[in-house]
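# A look at the structure
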Amino acid sequence: MTRAIITGVAGFIGSHLSEELLRRGHKVIGIDNFDPWYDPDSKHRNLSRSLSNKSFELIESDIRTFDFSSLLQSNDTVFHLAARPGVQDSWGNGFLNNVEINIYGTQRIFEAALSANVKKVAFASSSSIYGSTATGEGRRIQPISPYGVSKAACEQLATVYYERGLSLVPLRYFTVYGPRQRPDMAMNRLFRASLPGSYRFPLRGDGTQSREFTFVEDVVEATIRAGLQLDDSRLEPLDIGGGVSASLNEVINMVQEITDSKTRIDNFPLPPGDPKVTTASSTIVKNLLGWEATTPLMDGLKKQHLSLTQELVSTL
Ligand SMILES: NC(=O)c1ccc[n+]([C@@H]2O[C@H](COP(=O)([O-])OP(=O)(O)OC[C@H]3O[C@@H](n4cnc5c(N)ncnc54)[C@H](O)[C@@H]3O)[C@@H](O)[C@H]2O)c1
């Protein structure tokens with residue numbers, strides 16, 4: 001039984017990770033400040049299952065100020081997911097949040113984890129660090145958004161703290177989807193623009209941009225394996241991708257098929273920061289963790305749709 005510390009536990013990925021760790025019999029201590037960047041009530045709902053488990057403890061606090069030395073112990077595994085995500089909100093003054101929450105928050109956690117000599121820190125990096133190079137052989141760290149820069153800086157911090165003896169694994173998540181997906185993300189918006197109501201999907205560009213979409217349960221499995229199984233003889237960032245890429249137009253068609261309705265769409269030009277293609281490199285994660293994503297996009301989308309409609313019914 002591991003004592004797992006999850007930062008960002010009330011968020012989309014963190015809440016699923018918490019439930020799965022609890023289901024496997026681990027103790028989970030979750031930290032979240034219920035950042036109002038999106039509806040804090042939905043974050044409280046995300047945690048309802050975890051909160052009903054006696055092995056779960058919630059600390060409502062901010063990673064920028066929380067005294068981690070009062071919490072961390074040498075047997076802990078830290079899953080650090082708290083961040084200000086979202087590429088488009090990172091332009092202009094938005095970058096201050098990336099600097100303070102993503103970079104400074106991460107540095108505080110690495111520092112405290114090193115002092116406490118924890119077993120490992122598995123932390124959420126992003127495919128955004130690759131910018132437009134997240135495909136084929138030419139992939140390299142070359143972000144094209146301030147958010148991507150902040151995640152690349154976290155990986156640089158990881159190399160610094162790894163050299164000082166901290167066991168670390170950066171997880172480069174590729175566009176995650178599924179139940180509880182953040183409201184700013186494409187699939188959540190697409191379902192809302194396809195279900196009854198007036199919300200319209202803002203289609204940026206012509207929809208031919210493609211992503212390697214990754215179902216949240218697959219992401220959780222990879223994250224748990226990385227945190228609990230990976231040997232720490234080297235620092236090896238892992239691409240966590242769903243296995244197949246799809247264009248936004250293909251996803252729109254799938255959503256229309258699932259909801260049996262026409263998606264309401266408004267067209268906008270492609271904004272800066274959004275790469276044309278992302279594909280993950282799956283070899284390293286497959287070799288090191290024996291992990292590959294197993295959820296077909298259509299199946300994952302159906303699960304997301306089901307959970308969204310159940311949520312809508314429950315709020316009627
Ligand atoms: N969802 C994706 O497709 C995706 C892709 C790549 C990387 N990531 C990364 O994965 C992680 C989780 O993403 P998500 O989609 O679940 O996001 P999310 O916004 O749903 O979850 C992040 C959580 O962190 C909390 N948080 C924010 N600032 C905090 C602070 N200062 N102190 C404590 N808690 C704070 C928020 O309240 C939220 O509950 C993030 O680091 C994100 O950058 C996500």
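Before going into details, it helps to say that this report is about the structure given with it. (Residues numbered from 1 in each chain as written. Predicted model: local features only at pLDDT ≥ 70, side-chain atom pairs only at ≥ 80, totals over all residues. Heavy atoms only, no water.)

### Some thoughts on the overall build of the protein chain
Applied cut-off: Helix and strand assignments come from DSSP, with helices taken as H or I runs of at least 4 residues and strands as E runs of at least 2, each series counted from the N terminus. Within these notes, the globule rule equals 2.2 Å times the number of residues to the 0.38 power, and the radius of gyration is based on C-alpha atoms. Here, two residues are considered to be in contact whenever any of their heavy atoms come within 4.5 Å of each other. For the area figures, the Shrake-Rupley method with a 1.4 Å probe applies, and any residue is considered shielded solely by the protein chains shown.
Helices and strands together make up the secondary structure of the protein chain, namely 10 helices and 13 strands. Against the 2.2 N^0.38 benchmark of 20 Å for 316 residues, the protein chain shows a C-alpha radius of gyration of 19 Å, consistent with a compact globule. Long-range contacts, defined as pairs at least 24 residues apart, comprise 83% of the intrachain contacts of the protein chain with a sequence gap of at least 6. As displayed, the protein chain offers around 13,800 Å² of accessible surface, 50% of which is attributable to carbon and sulfur atoms.

### As for the sheet that holds strand S11 (residues 238-240)
Note the following rule: The rule for pairing is simple: two strands pair if DSSP sees at least two bridges between them. The convention used is that axes are lines fitted to C-alpha atoms, helices contributing only their stretch in contact, and that angles between N-to-C directions extend from 0 to 180 degrees.
The strand order across the open sheet formed by seven strands is S3-S2-S1-S4-S5-S6-S11, and the pairing between neighbours is parallel. A single partner strand is all that each edge strand has here, and the edge strands are strand S3 (56-60) and S11. Neighbour to neighbour, the strand axes of the sheet diverge by 20 degrees on average, direction disregarded. Where strand S5 (residues 120-126) lies against strand S6 (residues 168-173), six bridges are found, and the strand directions are parallel.

### So, the site of the ligand
Inclusion rule: To be near a molecule or strand, a residue needs just one of its heavy atoms within 4 Å of it. In the analysis that follows, any N or O atom pair within 3.5 Å is treated as a polar contact, provided that within protein one partner can donate a hydrogen and the other can accept it, and provided that, for residues neighboring in sequence, both atoms belong to side chains. All amino acids are sorted into three groups, where Ala, Val, Leu, Ile, Met, Phe, Trp, Tyr, Cys and Pro are nonpolar, Asp, Glu, Lys and Arg are charged, and the leftover types, Gly among them, are polar.
Surrounding the ligand, one finds 30 residues, the nearest of these being Asp 32, Tyr 38, Tyr 147, Val 176 and Arg 182. Note that an oxygen atom of the ligand is positioned 2.8 Å from one of the backbone N or O atoms of Leu 81. Lys 151 places a polar side-chain atom, nitrogen or oxygen, 2.8 Å from an oxygen atom of the ligand. Coverage of the ligand by the protein amounts to 98% of the 820 Å² it exposes when considered alone. Contributing elements (two or more residues each) for the shell around the ligand: helix H1 (12-23), S5 and helix H5 (146-163). At three residues, S5 tops the list of elements feeding residues into the shell around the ligand. Its residues assigned to classes, the shell around the ligand shows 16 nonpolar, seven polar and seven charged.

### A look at unusual backbone geometry
Test applied: Summary of the burial criterion: residues with accessible area below 20% of their type's maximum are buried, those above 50% are exposed, and those between are partly exposed, where the area comes from a 1.4 Å probe applied to protein chains only.
You will see that Arg 180, though not glycine, has its phi angle at about 75 degrees, which is positive. Here Arg 180 lies in the loop between strand S7 (176-177) and helix H6 (186-192). Phi is positive for Asp 260, close to 55 degrees, though the residue is something other than glycine. Assignment of secondary structure puts Asp 260 in the loop between helix H8 (248-259) and strand S13 (265-268). Residue class for Asp 260 comes out exposed when judged on its relative accessible area of 71%.

All we've got here are geometric facts, nothing functional implied.
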